[in-house]
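Structural overview for review
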Amino acid sequence: PSHSRSSIIMQHLLHILALSLGSTTKDAPTFHCAPMQCYTNQPLRKLFHLLSPSSIKWTEMEKLDDIFPKTKSVDYLQNNLEKRLGSPQSYDETNLVLQLGSNDPDRLKVCVEHAVQSYSFRELNLNCGCPAIESGGASTYGASLMKQPQLTASLVDSVRRGLEAGISSESDRPNISVKCRIGVFDDAEQMRPLDEGDYDYLKEYITAIHNAGANHVVLHARPAILSGLSPVKNRIIPTLDYDFVRSIAADFKGKVDITLNGGITSLTQLNSLRSDTSSPISNYMAGRWSLRRPLDLVGVEGLINDESSASLKETNTITTALENYIDYALTMTTLPSHKQRFTSADLCLPLYLAVEQLKDDWDYDEEDNPSEDPPLLSYDEIESLYDVVRDGITSLQECCNKGGKKSKNSSNAYKLISTSIKSLAGTKVVNKWKRNRAEL
């Protein structure tokens, strides 16, 4: 089986390399790991960074009502930032975008001013695309802001003024961006194909936020449905329209960078999009793919840096990334209790996602999955990575004083790791992860 798997891998890598070599290089588009509630906290961003340092990582959407309520002081805001990002003295994240959700220009300005005085970000982003009530959209902000261009522009202006107040040197200030959809409907019954009127409205919306200070817009290539669809269905039922995004990018070329978000699920697809030298798209973003297959970020790193992939090199990179992440998790676990910011579940989630991908790749059958990219790793390589994760989980169990089985029977590797993760994170939590992953 290993010989057959290796042949499939080599064919896949040669195909991607051929696509890359067949294109002429323009300013190479980079890759954004999308913000995802309850996922893209610091532990998962740490693993993403170890796998792909060049990719741009995003925080979860931080709702201003959570981190800086109207009745609270700036000290309360600072404390919440430290819970999410660590102390300013130890902060070392790079290529990070802080996403904020708000409809209050005054508080937003104060929040931005103090955040950038303590932490460095690549970009400050205003969420205008999330339709989920529980994630801060629908009724007050998120995607509902697309129906209020003047308020959105005022919020962007508040971010700009906050940056000016917090950082004196213009060259040192992060970029300002907005993440939104290509359209918005109040409910599912109103949903229809977008037309020229919708396009003109989006152009006017982007013009308003650009004039207020935003130079980057991330467009999810689906309209948002504010009520009547669950968050999961909002990512599936509305139709993807990449041509809509390409046309907007062409109209704003040289003024606003446009990043395409939505529906990107594989290295082959990402490379095909990046290799289109006629496309005006500046960058690409994916979220669910990064959760379902986080180890693919090693391949993304190769695409960003125009490197030809090699299975051995990728295995070594993944091994090193997992080992370094485990060291980080152990360090977080052994901090004094008053300095600990993450639960065992927070620290186990990245390892759980990696293990689930390894299991999927082990079970991969080309005949059953003809439209999917074949795994980048051979069976022997997957077994080797199982050993790395299993040893790391065992060390975490010891740190947390939770016993676990230490058998190294590789045929039971997945089951043993799964059991160990449940002992650390809790069975209910892991079952929730499994249900959520099934929806990706």
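Located above this text is the structure these notes cover.
Described below are features of the structure shown in this document. Given the structure is predicted, the values throughout are model-derived calculations rather than measurements.

Thresholds applied
- Residues numbered from 1 in each chain as written.
- Predicted model: local features only at pLDDT ≥ 70, side-chain atom pairs only at ≥ 80, totals over all residues.
- Heavy atoms only, no water.
- 1 Å grid on protein atoms, 1.4 Å probe; cavity = no way out; pocket = protein on both sides within 12 Å on 5 of 7 lines; lining within 4 Å.
- Points joined across faces, edges and corners; volume = space filled by probe spheres on them.
- Helix = DSSP H or I, 4+ residues; strand = E, 2+ residues; numbered from the N terminus.
- Nonpolar A, V, L, I, M, F, W, Y, C, P; charged D, E, K, R; others polar.
- Phe/Tyr/Trp six-rings, centres within 6.5 Å; stacked < 30°, edge-to-face > 60°.
- Expected span 1.5 Å × (residues − 1).
- Buried < 20%, exposed > 50% of the residue type's maximum accessible area, 1.4 Å probe, protein only.
- Arc of directions from axis to C-beta.
- Contact = heavy atoms within 4.5 Å.
- Axes fitted to C-alpha atoms, helices over the stretch in contact; angles between N-to-C directions.
- Parallel < 35°, antiparallel > 145°, perpendicular 65-115°, else oblique.
- Left-handed = near helix turned anticlockwise from the far one by under 90°.

Here we take up the layout of surface pockets. As a volume, the largest pocket reaches approximately 1200 Å³. Secondary-structure elements contributing two or more residues to the lining of the largest pocket are strand S6 (175-187), helix H8 (231-234), strand S9 (283-286), helix H11 (288-292), helix H14 (344-362) and helix H17 (427-438). Class assignment for the residues of the lining of the largest pocket results in 21 nonpolar, 14 polar and nine charged. Roughly 540 Å³ of internal volume is contained in the second largest pocket. As for the second largest pocket, its lining consists of 24 residues, and the residues nearest its centre are Gln42, Leu85, Ser90, Asp92 and Arg341. Looking at the lining of the second largest pocket, the elements that each hand over two or more residues are helix H2 (42-51), helix H4 (74-85) and helix H13 (311-333). Each residue belonging to the lining of the second largest pocket can be placed in one class, and the counts come to five nonpolar, 10 polar and nine charged.

Going through the model one piece at a time under the given rule, you end up with eight aromatic pairs. Plain terms: the ring middles of Phe31 and Trp289 are 5.9 Å apart, the flat faces sit at 80 degrees to each other, and that makes the pair edge-to-face. Placement of Phe31 in strand S1 (residues 31-33) and of Trp289 in helix H11 is noted, with a sequence separation of 258 residues between them. Between Tyr325 and Tyr328, the ring centres sit 5.6 Å apart and the planes meet at 45 degrees, which makes this aromatic pair tilted. Of this pair, Tyr325 and Tyr328 both sit in helix H13, three residues apart, which is roughly one turn of that helix.

Relative to the 16 Å expected for 12 residues at 1.5 Å per residue, H4 spans 16 Å between its end C-alpha atoms, a close match to the ideal helical length. Taken together, the buried positions of H4 are Leu77, Gln78, Asn80, Leu81 and Leu85. Viewed along the axis of H4, the buried residues span an arc of 165 degrees, placing them on a single side of the element. In the core, the buried residues of H4 are packed alongside H2, helix H3 (64-67), strand S4 (96-101) and helix H5 (105-118).

So, about the packing of H4 against H5. H5 packs onto H4 with a crossing angle of 50 degrees between their chain directions and a minimal axis gap of 10 Å. One way to sum up the angle between H4 and H5 is to call them oblique. Once H4 is placed against H5, the crossing between them reads as right-handed. Contact with H4, carried on its side by Val74, Leu77, Gln78 and Leu81, involves Val110, Cys111, His114, Ala115 and Ser118 of H5 and no other residues of that element. Considering only residue class, the contact of H4 with H5 consists of six nonpolar, three polar and no charged.

Here we take up the packing of H14 against helix H15 (residues 379-399). Packing of H14 against H15 leaves a shortest axis separation of 10 Å and a crossing angle of 155 degrees. Between H14 and H15, the angle is such that the two are roughly antiparallel. Seen from above, H14 lies across H15 with left-handed handedness. Facing H14, whose interface residues are Leu351, Val355, Leu358, Lys359, Asp361 and Trp362, H15 presents Tyr379, Ile382, Glu383, Leu385, Tyr386, Val389, Ile393 and Leu396. Classifying every residue of the contact of H14 with H15 by side-chain character gives 11 nonpolar, no polar and three charged.

Scope: geometric values only; no functional claims are made or implied.
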